[in-house]
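# Understanding the architecture of this molecule
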Amino acid sequence: MTVFSPFPAGRPRRLRRDAATRDLVREHRLHASDLILPVFVHEGSEAQPIASMPGVARLPIDQLLRTAEEAMALGIPALALFPAIEPQLKTIDGAEAFNPQGLIPRAVRALKSHFPQLALLTDVALDPYTSHGQDGLPDETGYLINDATVQLLVRQALTQAEAGADMVGPSDMMDGRIGAIRQAFEAAGLIHTRIMAYSVKYASGFYGPFRDAVGSKSALGKADKNTYYVDPGNSDEALREVAMDLAEGADMVMVKPGMPYLDVVRRVKDEFRVPTFAYQVSGEYAMLKAAAANGWLAHDVVMLESLLAFKRAGADGVLSYFALDAARLLKA
């Protein structure tokens, strides 16, 4: 047990006396290389602002290239791509998800042709592509058929990896999908494609603005995803999910949402000591933006403080819509 000198021999405020000393003893630091920037891609020629996510827009591919260039210049190592496809392309089985000429494969190829050193993470899930807004194939009652959905997810992941994605992020929470994707990658010779598993994705209320952004909110309606996302009251279950994904071949794991589940981030990191990521989701972003817009919080201060909290909790990296703003401040 560590023994500390009692007051007055021990005065903790000595180490807070000035900025130089505080810098010397700071335990955790935030760097642009800790950040992954999520971006929304759509067809067309103009950016489409997302009302529930101030400062974020759906981008056509040509503008996506400019965003990628800025991210690289700021030291952000990776983008996470999410599609907003046309409603007429959405089907019950989400077949557009594995169209080699679809929006995400084309975006990946364009980015890789211009910025081969930029890491690209693609989302493996069917909800942006389904007419019902769920992450898989439903039966006649609306319950998702696990194994049939996994087969579709494998096709989606192969399509993205063959287009040049460096990492795929299965965010669907179907049982067994990590192992099935890993086996398919090995069989196809895609041995270098990494899997960042959304191992602990909670049935959270913080995803609303994201569903606005990808156009799945209206399709989902009043339905929920409680039969496949993790219950918010559970953290032992989270550890079991992580253990299974690692056993099946995940290279990295993620906890989503972020700040409401920092305790889970800490437990995962302590238990497994593997690359662990957190997603500061759309609702977290929107709350901070709204409070700052009303003058209730200092935008830059709370933004950087919230990102540092992920590092302190044990996250190796953070997916955040604040990534560009934070990287600009860190560079300055």
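Higher on the page you've got the structure.
Every chain's residues receive numbers from 1 upward, in the order its sequence appears when written. In keeping with the predicted nature of the model, local features appear solely for residues at pLDDT of at least 70, side-chain atom pairs appear and are counted solely at 80 or more, and the whole-chain, interface and lining totals rest on all residues. To obtain the side-chain values, all non-hydrogen atoms of the structure were used and water was disregarded.

This part takes up the overall build of the protein chain. Per the convention used, a helix needs a DSSP run of H or I reaching at least four residues, while a strand needs a run of E reaching at least two, with both numbered from the N terminus. A tally of helices and strands in the protein chain yields twelve helices and ten strands. Taken over C-alpha atoms, the radius of gyration comes to 20 Å for the protein chain, in line with the 20 Å a tight globule of 332 residues would show. C-alpha extents for the protein chain along the principal axes are approximately 70 × 45 × 40 Å. Here the protein chain has roughly 15100 Å² of accessible surface; of this, 54% comes from carbon and sulfur atoms. Residues counted as positive are Lys and Arg, residues counted as negative are Asp and Glu, and His and the chain ends are not counted. Working definition for charges: the position is that of NZ of Lys, CZ of Arg, CG of Asp or CD of Glu. Across the protein chain, the centroid of the 34 positively charged side chains sits 9 Å from that of the 40 negatively charged ones. Throughout, the radius of gyration refers to the C-alpha atoms, and the reference size of a globule is 2.2 Å times the residue count to the power 0.38. Per-residue accessibility takes into account occlusion by the displayed protein chains alone, with areas from the Shrake-Rupley method and a 1.4 Å probe.

In this section: the pattern of salt bridges. Pairing between side chains becomes possible if they bear opposite charge and their charged atoms approach one another. A side-chain nitrogen of Lys or Arg and a carboxyl oxygen of Asp or Glu constitute a salt bridge if their distance falls within 4 Å. Per the stated rule, a full pass over the model turns up 16 salt bridges. Notably, a salt bridge pairs E70 with R328, separated by 2.8 Å at the nearest N-O pair. Of the two residues, E70 is situated in helix α2 (residues 61-74) and R328 in helix α12 (residues 323-331); the sequence distance between them amounts to 258 residues. Between D270 and R273 there is a salt bridge, with the nearest N and O atoms lying 3.9 Å from each other. Think of it in three bands: with a 1.4 Å probe and only protein chains considered, a residue is buried below 20% of the maximum accessible area for its type, exposed above 50%, and partly exposed in between. Residue D270 is classed as partly exposed on the basis of its relative accessible area, which comes to 41%.

Take a nonpolar patch on the surface next. Patch construction takes residues with relative accessible area above 30% that form no salt bridge. Like charges are linked within 9 Å, and nonpolar side chains (Val, Leu, Ile, Met, Phe, Trp, Tyr) are linked within 5 Å. Taken together, the side chains of L15, L24 and V25 present a nonpolar region at the surface, about 310 Å² in accessible area. Residue position: V25 is located in helix α1 (residues 19-25).

A few words on the side chain of D172. The residue D172 is located in the loop between β6 (167-170) and α5 (177-187) in this model. N or O atoms closer than or at 3.5 Å make up a polar contact, with two conditions inside protein: a donor-capable atom paired with an acceptor-capable one, and, for residues adjacent in sequence, both atoms drawn from side chains. Looking at D172, its side chain comes within polar contact range of the main-chain nitrogen of M174, at 2.7 Å. Of the polar contacts made by the side chain of D172, one reaches the side chain of R177; its length is 3.2 Å. Excluding anything up to four places from it in sequence, D172 contacts V124, A125, D135, L153, R177, Y228 and Y229. Residues count as neighbours in contact if any of their non-hydrogen atoms are within 4.5 Å of one another.

Our focus in this paragraph is the environment of R17. Among the structural elements, R17 can be located in the segment before α1. For the pair R17 and E305, spaced 288 residues apart in sequence, the C-alpha separation works out to 20 Å.

This brings us to empty space enclosed by the protein. Buried and open spaces are told apart on a 1 Å grid over the protein atoms alone, a cavity being a set of points where a 1.4 Å probe fits but cannot get out and a pocket being an open set with protein on both sides within 12 Å along at least five of seven lines. Residues with an atom within 4 Å of a point are the lining residues. Grid points are joined across faces, edges and corners, and a volume is the space filled by probe spheres set on the points. Across all of its chains, the model carries four cavities of 30 Å³ or more by this definition. Space inside the largest cavity adds up to approximately 60 Å³. P83, I85, E96, A97, G102, L103, I104, P105, Y129, T159 and Q160 are the residues that line the largest cavity. The set of elements that each furnish at least two residues to the lining of the largest cavity consists of α3 (103-114) and α4 (146-163). Of all the elements, α3 adds the most residues to the lining of the largest cavity, at three residues.

Within this model, the largest pocket holds a volume of roughly 260 Å³. In this structure, the largest pocket is lined by 16 residues; those nearest its centre are L37, G55, V56, Y321 and L324. Every element with two or more residues in the lining of the largest pocket is listed here: β1 (35-42), β3 (57-59), α10 (282-293) and α12. It is β1 that provides the largest number of residues to the lining of the largest pocket, a total of four residues. Its volume calculated, the second largest pocket comes out at about 200 Å³.

Another aspect to go through is the packing of aromatic side chains. For any pair of aromatic rings, the description consists of the separation of the ring centres together with the inter-plane angle of the planes. Any Phe, Tyr or Trp ring, taking Trp's six-membered ring, that has another such ring centre within 6.5 Å forms a pair; planes under 30 degrees apart are called stacked, those over 60 apart edge-to-face, and the others tilted. In total, this model carries eleven aromatic pairs according to the counting rule given. Look at Y202 and Y261: their rings are 4.0 Å apart centre to centre, the planes differ by 10 degrees, and that puts the pair in the stacked class. Of this pair, Y202 sits in the loop between β7 (194-201) and α6 (208-214) while Y261 is found in the loop between β8 (252-256) and α9 (262-272), placing the two residues 59 residues apart along the sequence. Taking relative accessible area as the criterion, Y202 reaches 0% and is therefore assigned buried. With a relative accessible area of 9%, Y261 lands in the buried category. Taking 4.6 Å as the distance between ring centres and 50 degrees as the angle between the ring planes, the aromatic pair formed by Y285 and F322 counts as tilted. Here F322 lies in the loop between β10 (317-320) and α12 and Y285 lies in helix α10, a separation of 37 residues in the sequence. Residue Y285 shares its accessibility class with F322, and that shared class is buried. An aromatic cluster is present here, built from F40, F82, F210, Y279, Y285, Y321 and F322 joined pairwise through their rings. Two thresholds decide whether a charge sits over a ring: the Lys NZ or Arg CZ must be within 6 Å of the ring centre and within 35 degrees of the ring normal. Directly above the aromatic system of Y207 lies the positively charged group of K256, at a separation of 5.3 Å from the ring centroid.

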